[in-house]
Amino acid sequence: MARSDDEYDYLFKVVLIGDAGVGKSNLLSRFTRNEFSLESKSTIGVEFATRSIQCEGKIIKAQIWDTAGQERYRAITSAYYRGAVGALLVYDITKKDSFDNVQRWLKELKDHADANIVIMLVGNKSDLQHLKAVTTDDASAFAESNGLSFIETSALDNSNVEEAFRSILSEIYRLGSKKALEKGSTSNFAPNATQTIVINPPADEGKTEKAKCC
Amino acid sequence: MATAGAYTVVASDAGGGHVARRLGAAAGARRWRRAHEQQAAVKARWRCGCCACASDRHGLRASGGAGGLEQRAPPPLRPSLLSPSPPARPSPPPPSEPDHSSPSDTISAQIHHALTGQQPSAHLPLSPSASSLSTLSAASTSAPPIHADSREELFRACLRTPTVDVDELRRLVWAHGIPPAPWARPLAWHLLTAYLPPDRLDWQPTLAVKRANYWSHVANLSVDPTERPVTGDHPLSDAHDSQWKQYFDDCQLRVCIRRDVERTHPDLHSFAPLRDALERILFVYVKLHPTLGYKQGMNELAAPFLLTFADTRVKDLSDVEADAYFCFDSIMIEMVSCYEPCNSDVTGIARQLRELQALLRIKDPALERHFEKLGIDTRFYGLRWIRLWLMHEFHVPDCLCLWDSFLTSELRLPWIRYVCVAMVIRIRERLLVEDFAGCMKLLLNYPPCDVSELLRIADRLRTSNVIIVRTARR
């Protein structure tokens, strides 16, 4: 049954995307369990974790989907993106290639995710300043020109990880509030919740009365 | 947890009975880990004295027999049940004994141990399962376990014949698992993947040719224009046949492979010395299968062969590497489809996942409806399970026991799907009361379990028209 700690006001699905090896899984484990491992296995398919945070007096439950960096097959990835209201697009600040591929990931989101998904560009591994291959200015300018928010993080030394997730969740909440989200809908993803708002229910849901942020 | 009587099974046996036995998997895992950590510390020998995977594993009957499940151990071995040949199988000395002169030669050592029994056998008393709780895995408790030595004898008998009856080997592995002796699993896997031909006289020549073949690939597939410049070629060339272009592409490929190799069994110290071998195996495979390219997950399918083959009395790893390459190549024939691009639901991994969903719908309609209501899709959990043959779901010794059963089938994916469905059904009581997030967490962090019980459930699902129809709460 739904546990008491599963009570929340809003449920947001956020996906972590980006090239293989940029540290998506460690960002997830740092945010949801405050753990970091140098010995983590590569993600195959998807990993999943949740964490609830407080935002403006409301409890927001984040459902975070950590996707495999190499998984590009539409028949598979469409399921991961479905219903996502936020995306952390992660690159490795020490790997120029992973930053160059950000454009491809944006296209991936454009093709498969909801058009109004909130995207944040995340430069991970900021602890490796001496190996930095992508300058903060370049990344920031790119983010600005593409209408994305931007932050540099380190899952290893836990800098800015909390901020990155809180920031995107707040942004989703604010955008949703602006659109006068309807409260009380139920989610396809959380049938036990009575206080859930689904921002973008699955397209094939076919039900009415679903609140949408956009 | 699913407990006795927790769910009801409607069954009409379509094929019958089932001989089952279990092993002390958890204890085996601990022993295995300890053995391997000591091994890493010593770094002098490549074999743990008693096979780490000494866990005395499941036993599953292949087919036939009279309904119902028997618990734990099968009756004392009745060879007539296992083999079409007479019970006391004649065991004439082979016409030509393999050359045992080179102790560093893995397969020679394996053959020697297999046939002479001089390798001190790791004798593990079988510990019948105390956790076979569900109806599906239930069985009688009366039959005494088969002694590990008896199993080893059966294996020896099977392997001693001039031409090994691979079907019988399959039946033996299926019914009794692979004996814990260190030579047994490598040799069985060589034969089950058809890397070694059935005729024992062909073993040595085959190994010699294939190993040489592998190392010539390693040498020929790597180009280095810095050492041997080609006239007219230059580092900025974009020409299709430019060695420089190939060189840079290969460098990129190696980086890609290395990233996953470093993340393969990162917690297993004994795997560290095998990383270079794994990288070469994947590189050669990708170079020989350029249209497929490197895909994440291949590393997990190649690693078990290295782990298993290196776990013997070997001084030279080069043979282990070549053997692992060909066995990996053999299972990839079927697995390629799961790694190929799939942009429709009817091909590749997407098709496997649809079939998994369909099987779950047939075997446990209530659970499948629950998943459907929550929006849980086999793409979320089944993809990793199938692509990696469950390598991320269990401890390595348990995975190797699962792989024993996978390799006994010529077509592995249909059987793996049954095991996946068994995994879901085994925790159905917990799943049925969870919401989306709870189910996802359970499925993606599968709770530890006795893998032999899983195999029993899967076998029961496969060999009979079992359908889980309702839930009986405690």
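- Chain B carries the name TBC1 domain family member 13 in an unreviewed UniProt entry, which gives Gracilariopsis chorda as its organism.

- If you look chain A up in an unreviewed UniProt entry, it shows as Ras-related protein Rab-11A from Gracilariopsis chorda.
- According to its UniProt record, chain A has this under Subcellular location (unreviewed entry): "Endomembrane system".
- On record in UniProt, under Sequence similarities (unreviewed entry), the comment for chain A is "Belongs to the small GTPase superfamily. Rab family."

1. With respect to the overall build of chain A
Here is step 1: Looking only at helices and strands, chain A features six helices and six strands.
Here is step 2: When the helices and strands of chain A are placed in sequence order, the string is β-α-β-β-α-β-α-α-β-α-β-α.
Here is step 3: Evaluated residue by residue, chain A yields a buried proportion of 56% over its 214 residues.
Here is step 4: A total of about 9100 Å² of accessible surface is found on chain A, and carbon and sulfur atoms cover 46% of it.

2. Some thoughts on the packing of aromatic side chains
Here is step 1: Counted under the stated rule, the structure contains 30 aromatic pairs over all chains.
Here is step 2: On the basis of an interplanar angle of 35° and a centroid distance of 6.3 Å, the ring pair of Tyr80 of chain A and Phe380 of chain B is categorised as tilted. With Tyr80 of chain A in helix H2 (residues 74-81) and Phe380 of chain B in helix H14 (residues 378-387), this pair bridges two chains.
Here is step 3: Taking relative accessible area as the criterion, Tyr80 of chain A reaches 1% and is therefore assigned buried.
Here is step 4: The interplanar angle of 90° and the centroid separation of 5.9 Å between the aromatic rings of Trp244 of chain B and Tyr247 of chain B together place this pair among those described as edge-to-face. One end of the pair, Trp244 of chain B, and the other, Tyr247 of chain B, are both in helix H8 (residues 243-262), three residues apart, so they sit about a helical turn from each other.

3. Some words on the interface of chain B and chain A
Here is step 1: The interface is formed by 41 residues belonging to chain B together with 38 residues belonging to chain A.
Here is step 2: Counting across the chain B and chain A interface gives one salt bridge.
Here is step 3: Arg384 of chain B is paired through a salt bridge with Glu47 of chain A; the nearest N and O atoms lie 2.7 Å apart.
Here is step 4: Between chain B and chain A we count six residue pairs in polar contact (both at pLDDT 80 or more) in total.
Here is step 5: Looking at the side of chain B that touches chain A, the elements that each hand over two or more residues are H8, helix H10 (298-309), helix H12 (348-363), helix H13 (365-374), H14 and helix H18 (436-444) of chain B.

4. Here we look at the nonpolar core
Here is step 1: Among the nonpolar cores identified, the biggest contains 153 residues, and Phe305, Phe328, Met332, Phe371 and Phe394 of chain B are the most heavily contacted of them.
Here is step 2: In terms of residue count, helix H11 (residues 317-339) of chain B provides more of this core than any other element does, 13 residues in total.
Here is step 3: Two domains share this core, each providing at least three of its residues, namely domain 2 (203-339) and domain 3 (348-463) of chain B.
Here is step 4: Ignoring any residue separated from it by four or fewer positions in sequence, one finds Phe371 of chain B in contact with Leu360, Ile376, Tyr381, Val424, Leu431, Cys439 and Leu443 of chain B.
Here is step 5: With 29 residues, the next largest nonpolar core counts Leu28, Val118, Ile151 and Leu169 of chain A among its residues.

5. Quick notes on empty space enclosed by the protein
Empty pockets left among the atoms are what a rolling probe the size of a water molecule brings to light.
Here is step 1: Counted under the stated rule, the structure contains five cavities of 30 Å³ or more.
Here is step 2: When its volume is computed, the largest cavity comes out at roughly 90 Å³.
Here is step 3: Along the walls of the largest cavity sit Thr43, Ile44, Gly45, Ala68, Gln70, Glu71 and Tyr73 of chain A together with Lys295, Gln296, Tyr339 and Arg387 of chain B, which together make up its complete lining.
Here is step 4: Looking at the lining of the largest cavity residue by residue, the class counts come to four nonpolar, four polar and three charged.

6. Re H2 of chain A
Here is step 1: Across the eight residues of H2 of chain A, six count as buried, placing the element largely inside the fold.
Here is step 2: Where H2 of chain A is buried, its residues contact strand E1 (10-18), strand E2 (46-55), strand E3 (58-67) and helix H4 (102-112) of chain A together with H12 and H14 of chain B.
Here is step 3: Downstream of H2 of chain A by one or two residues, Gly83 of chain A has phi in the positive range, about 85°.

7. What about the packing of H11 of chain B against helix H16 (residues 412-426) of chain B?
For any two helices packed against each other, one specifies the crossing angle of their axes together with the interaxial distance.
All names here are of chain B.
Here is step 1: Taken N-terminus to C-terminus, the directions of H11 and H16 make an angle of 65°; their axes are 10 Å apart at the nearest point. The segment H11 lies against H16, with Ile331, Glu334, Met335 and Cys338 engaging Arg412, Leu413 and Pro414.
Here is step 2: Here the contact of H11 with H16 is built from residues that sort into five nonpolar, no polar and two charged.

8. Looking at the packing of H16 of chain B against helix H19 (residues 451-463) of chain B
All names here are of chain B.
Here is step 1: It is at 8 Å that the axes of H16 and H19 come closest, and there the two elements cross at 110°. Put simply, H16 runs roughly perpendicular to H19. Considering how the two elements wind past one another, H16 and H19 form a crossing that is right-handed. Judged by residue contacts, Trp415, Tyr418, Val419, Val421, Ala422, Met423, Ile425 and Arg426 of H16 engage Glu453, Leu454, Leu455, Ile457, Ala458, Asp459, Leu461 and Arg462 from H19.
Here is step 2: Per-class residue counts for the contact of H16 with H19 are 12 nonpolar, no polar and four charged.

9. Description of the pattern of salt bridges
Here is step 1: According to the stated counting rule, one finds 29 salt bridges over all chains in the structure shown.
Here is step 2: The salt bridge partner of Lys125 of chain A is Asp92 of chain A, with a shortest N-O separation of 3.2 Å. One end of the pair, Lys125 of chain A, is in the loop between strand E5 (118-124) and helix H5 (136-145); the other, Asp92 of chain A, is in strand E4 (residues 86-92), and 33 residues separate them in sequence.
Here is step 3: On the accessibility criterion, Asp92 of chain A (1% relative accessible area) is buried.
Here is step 4: Residue Glu153 of chain B pairs with Arg156 of chain B through a salt bridge whose shortest N-O separation is 3.5 Å. Residue Glu153 of chain B and its partner Arg156 of chain B are located together in helix H4 (residues 148-160), separated by three residues, close to a single helical turn.
Here is step 5: Taking relative accessible area as the criterion, Glu153 of chain B reaches 43% and is therefore assigned partly exposed.
Here is step 6: By sharing partners, the salt bridges in this structure join Arg258, Glu262, Asp276 and Glu279 of chain B into a single network.

10. Quick word on H14 of chain B
All names here are of chain B.
Here is step 1: With 10 of 10 residues buried, H14 lies mostly within the body of the structure.
Here is step 2: Turning to H14, its buried residues are Thr378, Arg379, Phe380, Tyr381, Gly382, Leu383, Arg384, Trp385, Ile386 and Arg387.
Here is step 3: Count one or two residues on from H14 and you reach Trp389, which has phi positive near 50°.

11. What to know about the environment of Val284 of chain B
Residues and elements named next belong to chain B.
Here is step 1: The topology assignment puts Val284 in helix H9 (residues 275-288).
Here is step 2: In this structure the C-alpha to C-alpha distance between Val284 and Val261, which are 23 residues apart in sequence, comes to 14 Å.
Here is step 3: Excluding its chain neighbours within four sequence positions, the residues that come into contact with Val284 are Tyr214, His217, Val218, Leu221 and Tyr325.

12. Some details on the sheet that holds strand E6 (residues 149-152) of chain A
Residue and element names in this part refer to chain A.
Here is step 1: Strand order in the open sheet formed by six strands is E2-E3-E1-E4-E5-E6, and the pairing between neighbours is mixed. Two strands in the sheet have a free side with no partner beyond their single neighbour: E2 and E6. Each neighbouring strand pair of the sheet contributes to a mean axis angle of 25°, computed without reference to strand direction.
Here is step 2: In this structure, E1 lies alongside E3, joined through seven bridges in parallel fashion. When the sheet's bridge partners are listed, Val15 is paired in E3 with Trp65.
Here is step 3: In the packing of H2 onto the sheet, contacts are made with E1, E2 and E3, and the angle to E1 comes to roughly 145°.
Here is step 4: Contacts between H4 and the sheet are confined to E1, E4 and E5, with E4 contributing the most and set at about 160° to the helix.

13. A short note on the environment of Leu11 of chain A
Here is step 1: Relative to the assigned elements, Leu11 of chain A resides in strand E1.
Here is step 2: Sequence separation between Leu11 of chain A and Leu169 of chain A is 158 residues, and the spatial gap between their C-alpha atoms is 9.9 Å.

14. Description of unusual backbone geometry
Residues and elements named next belong to chain A.
Here is step 1: The phi angle at Asn158 is positive, at roughly 60°, despite the residue not being glycine.
Here is step 2: Considering the arrangement of structural elements, one finds Asn158 in the loop between E6 and helix H6 (161-178).
Here is step 3: A residue is classified by how much of its surface remains accessible, and Asn158, at 36% relative accessible area, is partly exposed.
Here is step 4: One non-glycine residue with positive phi stands out, namely Asn160, at about 70°.
Here is step 5: You can see Asn160 is positioned in the loop between E6 and H6.
Here is step 6: Under the relative-accessibility criterion, Asn160 is labelled partly exposed at 31%.

Rules and cut-offs
- Residues numbered from 1 in each chain as written.
- Chains lettered and ligands numbered in written order.
- Predicted model: local features only at pLDDT ≥ 70, side-chain atom pairs only at ≥ 80, totals over all residues.
- Heavy atoms only, no water.
- UniProt positions renumbered as here; feature names shortened; annotations may be inferred.
- Helix = DSSP H or I, 4+ residues; strand = E, 2+ residues; numbered from the N terminus.
- Buried < 20%, exposed > 50% of the residue type's maximum accessible area, 1.4 Å probe, protein only.
- Areas by Shrake-Rupley, 256 points an atom, 1.4 Å probe, with all protein chains shown as cover.
- Phe/Tyr/Trp six-rings, centres within 6.5 Å; stacked < 30°, edge-to-face > 60°.
- Contact = heavy atoms within 4.5 Å.
- Salt bridge = Lys/Arg side-chain N within 4 Å of Asp/Glu carboxyl O.
- Polar contact = N/O pair within 3.5 Å; in protein donor to acceptor, adjacent residues only side chain to side chain.
- Core = buried A, V, L, I, M, F, W, Y, C linked by side-chain atoms within 4.5 Å.
- Domains from an automatic or database assignment.
- 1 Å grid on protein atoms, 1.4 Å probe; cavity = no way out; pocket = protein on both sides within 12 Å on 5 of 7 lines; lining within 4 Å.
- Points joined across faces, edges and corners; volume = space filled by probe spheres on them.
- Nonpolar A, V, L, I, M, F, W, Y, C, P; charged D, E, K, R; others polar.
- Axes fitted to C-alpha atoms, helices over the stretch in contact; angles between N-to-C directions.
- Parallel < 35°, antiparallel > 145°, perpendicular 65-115°, else oblique.
- Left-handed = near helix turned anticlockwise from the far one by under 90°.
- Pairing = 2+ DSSP bridges.

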